[in-house]
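# Understanding the architecture of this molecule
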Amino acid sequence: MLNHLSIEELHQKLIKKEITVEDLVNESIKLSKELQDSCNAFDFIIENPKNYGVTDNLLSGIPYGVKANYSTKNILSSGSSNTLKDYVPFFDATAIKKLNDAHAIIVNKTAMDEFGMGGTGTTCRTGTVKNPWDNTRMTAGSSAGSACAVAYGVYPYALGTDTGDSIRKPAAYCGIVGYKPTYGMISRYGVFPFASSLDHCGVLTRNVKDAAIVVDNMKGIDENDMTTWNSSNINLYKSITGEVNNKKLCYIKEICDISNYDNPSDELVSHLNNFKEKIELIRSNGIEVDEVSIDKKLLNTVASVYVVLSCAEATSNMSNLTGIIFGPKGEGEGVFDQIKDHRTKGFSPLIKRRFVIGSYVLQRENQERYFKNAQRVRRLIVDEWDKLFKKYDGVILPVGSGPAKKLDDDSNTLANGTTILEEHLQIGNFGGFPSITIPDGFINNLPVGLNITGKRYDDANVLNIAYKIESLMDYKNQIAERK
Amino acid sequence: MEEKLHVVIGLEMHCELKSNSKVFSTGKNSYSDTANENISPVDMAFPGILPVLNKYSVEEACKMASILHCDITKYMLFDRKHYFYPDLPKGYQITQCTRPVGINGYIEYDLSNEIKRADITDIHLEEDAAALDHMHNTSTIDYNRAGVPLLEVVTEPCFRSAEEAIAFLENMIKIYQYTNISDADTKRGQVRCDVNISLANENNEYVTPRVEVKNVNSLSNIYNTIKYEEKRQKNAYLNHTEELVQETRRYDEESNTTIRMRTKVDAIDYKYFVEPNIPPYEISSDLLDKITKEIPELPLSRKQRYLNEYNLTLEDANTLIKNKEISDYYDECIKLGIDKIQAANWVTVNILGELNKDNSSIKDFYITPIYLKQIIDSINNNTISSKQAKEIFNKSIVDKKEPKEYLKENAQISDESYLRDLINKIVENNLEQKQAYLNGRTNLFDYFVGQVMKETKGKANPNMTKEILNEVLNK
């Protein structure tokens, strides 16, 4: 087994010619097929990936996976949607182009909740993605296949996108690292949009340093994306020193304290206890961690603000899916019937529900009450977090209310996921904050994670702290061991 | 009792801008006969594309906002306007409503030599849709036009006749052309208007609901639209022939009428919201300074100058300002010191006559203002006749030689002592004729003139020749 190694280790072996690119790619494809049978992780597996050779670049010659919503030239890019089931782009997303330049090798397109809308990994056009640690559990989503494949050791990393928590939650459920950098650090050009003001590109890996290496190769100002910024003075990989003198974190009492939850499940109790233990561990290793308080009323708005804004932008962003220029052409008399048919047949019920919500909150008579108010509350929440970042290097919080949920208990829909514990990661998208999830333990033999979110443009600091915390625990580079 | 009604018109004028690339993509902005030649993935809304704002178009939009005396925003925002239509690849158009380029402006225009003022509600930058062509059982889409920058100028309901509306539009078209912001070529569909029409009574109270006629594309069609709606609404209001409602109509060229598209009840909710992919775009005061400096003197101001300061006729003034290059040429002549009226005559008659022969541009015209001055100066100091001047003008164009060259050959001999010596010599050699002349054969005077002309190859100044001859013969 080779692909369970870190990027640095693989690179050393390639340079020293102890292994070849073909060895890595063949193993990756073999594992992909194995995982496809057991967990249904992929939208498309590439049979003969191109090998551009090994260079000084740490990523050269190393296989990786790409979420199905990235445009990959000449490679099927469906967004896991039937509306694009045969869509093969003629151009690469900017992030893909950069990884191509690094001679990284795409071996598969990973399955996802259709167009990133969904947090379960159960709404992919190819079916449900199962958790590699326990096939009766979900991976969470929407970067379901990417999380599943990295946790299984198909390759050291896979690309994800994150609009609410779509990288960071599945990472926690699969026992790996999920990192979404500051908004605009990685170009979104060529990545299928869900909610443009919340969408982030990012990566899933098995250790923090790998995440830094990959994002170093993906980031940069892009003339095709006006929201990107110049980060040429930032080298995340080189900034990782493990030195954390004078670093300060905080956690939020209203989220982390068990007394906030009525009739907590055993899993929730264990999860929060585990988190408290890890906070003590962190404190005893030189990082100050304070408990802070945030108005519960404000915290309780997060989920609804997210629903209103993300659904509104989604219904707009997906208006290009008509079947006229690309995608299967709808049937019917005249163009409007054809568009209707294409969209009726192409989208899953979950997406249609969200379109209805999005249209409703944007209607002239509703806009002020829903959409504009949601934008205002988003600003209030971000202001509150900005205040925290004046004093703290990051906010540290547990991810979710425990380990991955059972697939037959598919209750993680927007309407039911109302607890702040399930939804607080969305704040990272509201503010465009750098945010990373790392594994922090096991409950009932299933991995759980914690998240660190920092201030905009402070990615290097956030990753360095995450790296330190990762090194205090035993979950680095872990591979899913199926029950 | 007969009510006195008048029509009230507001215009939304869309004009395609000149630029190298489209307003939100790198696709080429250029008219092409070949369909779908000038397109980028952005223009066809392939999944994952993002808009990138064309800075040049922003500057041109600011320039127009400045000409229209608008308040120009410090940070511009763009909005998405949603509707499904096959010519709109993204399913929304990127336009501006939350914070457009400029608001609250005005512009003066003239109608039958009277200055009027149009109030501007706002001016905003947006993208054009693709061009649809409908055949009998199929339609084609040409995405060359998708994403072409459009400037939309929205006026207050400030026009009280079709004539006023047309005069305003003509003035606007000239401004676009003078500033080179747009060719504003109505024949190529570069100017399109939504026309809002209703009736008001003597107290300026609206008596009919507003009717919007969408996408009318030539000045004559706009004129006809207003005239038709005025008649239709008056008839409906006064004779109750049909119920008037707030509605959207379209102009039908064949029948020269307007036809209902939809009423307010089923008006489209465009679900506008701010485009998240274009961050607030700053318009700095430096940029505005730079832009203001690029604005040339505008046609109305030139026309006023020609009429009031130069005392040109209305016809000449109108001819001269029709086109900036001609007006610039004329102004250059005045700068060189050519008489204003003479220059106007030469430009409007001879030069435009020449240019009209082959539709060529005055920019490429061989006779520059400096050359024209050589000719006009020679007329004014009597070295050539106006007939000769026209000949030199023509020869100069054909041979591509400076008029000066011909003036040398053509110049009259007005050197008195030279002529006197010559005449003395001729008379001495023709003493018989002199005697006969003195004896009463006065027609022999012409014989002597002929001799002088023969010797000088016809260049002797005829008046001077006659004077000297008279003197010498009668001595």
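Residues numbered from 1 in each chain as written. Chains lettered and ligands numbered in written order. Predicted model: local features only at pLDDT ≥ 70, side-chain atom pairs only at ≥ 80, totals over all residues. Heavy atoms only, no water.

### Here's the deal with the overall build of chain B
Counting its secondary structure elements, chain B contains 15 helices and 16 strands. Its C-alpha radius of gyration of 32 Å places chain B more than 25% over the 23 Å reference for a compact globule of 475 residues. Principal axes of the C-alpha set define a box for chain B whose edges measure 110 × 65 × 50 Å. Within chain B, the proportion of its 475 residues that are buried is 51%. For chain B, long-range pairs separated by at least 24 residues make up 67% of all intrachain contacts whose partners lie at least 6 apart in sequence. Working note: accessible area of chain B is about 23200 Å², and carbon and sulfur atoms make up 46% of it. (Helix = DSSP H or I, 4+ residues; strand = E, 2+ residues; numbered from the N terminus. Rg over C-alpha atoms; globule rule 2.2 N^0.38 Å. Buried < 20%, exposed > 50% of the residue type's maximum accessible area, 1.4 Å probe, protein only. Contact = heavy atoms within 4.5 Å. Areas by Shrake-Rupley, 256 points an atom, 1.4 Å probe, with all protein chains shown as cover.)

### Here's the deal with the sheet that holds strand E4 (residues 79-82) of chain B
Taken in spatial order, the 3 strands of this open sheet run E5-E4-E15 (chain B), and their pairing is antiparallel. This sheet does not close on itself; its edge strands, each paired only once, are strand E5 (92-95) and strand E15 (273-274) of chain B. Pairing geometry for E4(B) and E5(B), over 4 bridges, is antiparallel. For Arg80(B), the partnering residue across the bridge sits in E5(B) and is Ile94(B). With respect to the sheet, helix H11 (residues 302-317) of chain A is in contact with E4, E5 and E15 of chain B, its orientation differing from that of E4(B) by roughly 65 degrees. (Pairing = 2+ DSSP bridges. Axes fitted to C-alpha atoms, helices over the stretch in contact; angles between N-to-C directions.)

### Topic: the packing of aromatic side chains
For the coordinates displayed, the defined rule picks out 33 aromatic pairs over all chains. Put simply, the rings of Tyr87(A), Phe90(A), Phe91(A), Phe115(A), Tyr189(A), Phe192(A), Phe326(A), Phe347(A), Phe355(A) and Phe46(B) touch in pairs and so form one group of aromatic residues. Between Arg188(B) and the ring centre of Tyr31(B), over which it is positioned, the NZ or CZ distance is 5.6 Å. (Phe/Tyr/Trp six-rings, centres within 6.5 Å; stacked < 30°, edge-to-face > 60°. Lys NZ or Arg CZ within 6 Å of the ring centre and 35° of its normal.)

### Description of a nonpolar patch on the surface
On the surface, a cluster of nonpolar side chains totalling about 280 Å² of accessible area is made up of Phe336(A), Phe84(B) and Tyr85(B). When you line up the elements, Phe84(B) lands in the loop between E4 and E5. Residue Phe84(B) is classed as partly exposed on the basis of its relative accessible area, which comes to 35%. (Patch = residues over 30% accessible without salt bridge, like charges linked within 9 Å, V, L, I, M, F, W, Y side chains within 5 Å. Salt bridge = Lys/Arg side-chain N within 4 Å of Asp/Glu carboxyl O.)

### Overview of the interface of chain A and chain B
Between chain A and chain B, the residue contacts involve 40 residues of the former and 34 residues of the latter. Contact between chain A and chain B buries roughly 2800 Å² in total, counting both sides, with carbon and sulfur atoms accounting for 68%. On the chain A side of the contact with chain B, Met226(A), Ser316(A) and Ile325(A) bury the most area, a combined 22% of that side's loss. Our count for the contact surface shared by chain A and chain B stands at 10 residue pairs in polar contact (both at pLDDT 80 or more). When contributions to the side of chain A that touches chain B are tallied by element, the ones reaching two or more residues are H11, helix H12 (334-346) and helix H13 (349-362) of chain A. Residue composition of the side of chain A that touches chain B, grouped by class: 19 nonpolar, 14 polar and 7 charged. (Buried area = accessible area lost by both parts, 1.4 Å probe. Polar contact = N/O pair within 3.5 Å; in protein donor to acceptor, adjacent residues only side chain to side chain. Nonpolar A, V, L, I, M, F, W, Y, C, P; charged D, E, K, R; others polar.)

### Details of the sheet that holds strand E2 (residues 71-72) of chain B
Residues and elements named next belong to chain B. The strand order across the open sheet formed by 9 strands is E2-E6-E7-E10-E1-E11-E12-E13-E14, and the pairing between neighbours is mixed. Taken across any chain shown, the strands that pair with only one partner, and hence form the sheet edges, are E2 and strand E14 (257-263). Alignment of E2 against strand E6 (residues 102-111), held across 2 bridges, turns out to be antiparallel. Bridge pairing in E6 links isoleucine 72 to glycine 102. Sheet strands in contact with helix H1 (residues 55-67) are E2, E6, strand E7 (114-127) and strand E10 (149-155), and its direction is about 160 degrees off that of E7. Across the face of the sheet, helix H2 (residues 162-179) comes into contact with strand E1 (6-16), E6, E7, E10 and strand E11 (191-200) while running at roughly 105 degrees to E6.

### A few points about unusual backbone geometry
Residues and elements named next belong to chain A. Omega for the peptide link from glycine 141 to serine 142 comes to 10 degrees, which places this bond in the cis form. Secondary-structure assignment places serine 142 in the loop between strand E5 (134-138) and helix H4 (144-152). A positive phi angle, close to 65 degrees, is found at histidine 103, a residue other than glycine. Examined against the element boundaries, histidine 103 turns out to sit in the loop between helix H3 (94-101) and strand E3 (105-110).

### Brief notes about the domain arrangement of chain B
Taken domain by domain, chain B consists of domain 1 (6-290), domain 2 (295-410) and domain 3 (416-473). The distance between the C-alpha centroids of domain 1 of chain B and domain 3 of chain B comes to 77 Å. (Domains from an automatic or database assignment.)

### A few points about the layout of surface pockets
Volume-wise, the second largest pocket comes out at about 990 Å³. Lining the second largest pocket are 32 residues, and of these Ser197(A), Arg378(A), Arg379(A), Pro276(B) and Pro280(B) sit closest to its centre. Mapped onto the lining of the second largest pocket, the elements with two or more residues apiece are H11, helix H14 (368-391) and helix H16 (426-430) of chain A together with E15 of chain B. Sorting elements by how many residues they give to the lining of the second largest pocket places H14(A) first, with 6 residues. Taken together, the residues of the lining of the second largest pocket sort by class into 16 nonpolar, 8 polar and 8 charged. (1 Å grid on protein atoms, 1.4 Å probe; cavity = no way out; pocket = protein on both sides within 12 Å on 5 of 7 lines; lining within 4 Å. Points joined across faces, edges and corners; volume = space filled by probe spheres on them.)

### Points about the environment of Ala162(B)
All names here are of chain B. Along the polypeptide, alanine 162 turns up in helix H2. Looking at alanine 162, the relative accessible area reads 0%, which means it is buried. Sequence separation between alanine 162 and asparagine 224 is 62 residues; the distance between their C-alpha atoms is 8.3 Å. Those residues in contact with alanine 162 that lie beyond four places of it in its chain are Ile9, Tyr223, Ile226 and Lys227.

### What about the nonpolar core?
For soluble globular proteins, nonpolar side chains are generally found buried alongside one another. Core analysis: the largest hydrophobic core is formed by 156 residues, its most contacted members being Leu159(A), Trp385(A) and Ile396(A). At 8 residues, H14(A) tops the list of elements feeding residues into this core. Not counting residues within four places of it along the chain, the set of residues in contact with Trp385(A) comprises Ile252(A), Ile294(A), Leu299(A), Val395(A), Ile427(A) and Phe433(A). In this structure, Ala61(B), Phe168(B), Ile175(B) and Leu298(B) belong to the second largest nonpolar core, which totals 62 residues. (Core = buried A, V, L, I, M, F, W, Y, C linked by side-chain atoms within 4.5 Å.)

### Structural notes on the pairing of strand E2 (residues 63-67) of chain A
Residues and elements named next belong to chain A. Most of E2 sits inside the fold, with 5 of its 5 residues counted as buried. Across 5 bridges, the pairing between E2 and E3 is parallel. What sits directly across from tyrosine 64, in E3, is isoleucine 106. Crossover E2 to E3 through H3 is right-handed. (Right-handed = clockwise from strand over helix to strand, strands pointing away.)

### Focus on the environment of Glu12(B)
Residues and elements named next belong to chain B. Note that glutamate 12 resides in strand E1. Residues glutamate 12 and glutamate 152, spaced 140 residues apart in sequence, show a C-alpha to C-alpha distance of 6.4 Å. When sequence neighbours within four positions are dropped, the list of residues in contact with glutamate 12 reads Glu152, Val153, Val154, Arg192, Cys193, Asp194, Asn196 and Glu212. In terms of polar contacts, glutamate 12 uses its side chain to reach the side chain of asparagine 196, at 3.1 Å.

### Quick look at helix H3 (residues 219-239) of chain B
An α-helical turn contains 3.6 residues, so any two residues separated by three or four positions project in the same direction. Residue and element names in this part refer to chain B. Across its 21 residues, H3 extends 30 Å between first and last C-alpha, which sits within 8% of the 30 Å expected from 1.5 Å per residue. Taken residue by residue, H3 has Asn221, Ile222, Thr225, Ile226, Glu229, Glu230, Arg232, Gln233 and Ala236 as its buried positions. At its buried positions, H3 is contacted by E1, H2, E11, strand E12 (211-216), strand E13 (247-252) and E14. Positive backbone phi, approximately 55 degrees, marks histidine 240, located one or two places after H3. (Expected span 1.5 Å × (residues − 1).)

### Some points on the packing of helix H5 (residues 299-309) of chain B against helix H6 (residues 314-321) of chain B
Describing two packed helices takes the angle between their axes plus the distance from one axis to the other. All names here are of chain B. Put simply, H5 and H6 touch, their axes get as near as 9 Å, and they point 150 degrees apart. Between H5 and H6 lies a crossing of right-handed hand. Side by side, H5 and H6 meet where Pro299, Arg302, Lys303, Tyr306 and Leu307 of the first sit next to Leu314, Ala317, Asn318, Leu320 and Ile321 of the second. (Left-handed = near helix turned anticlockwise from the far one by under 90°.)

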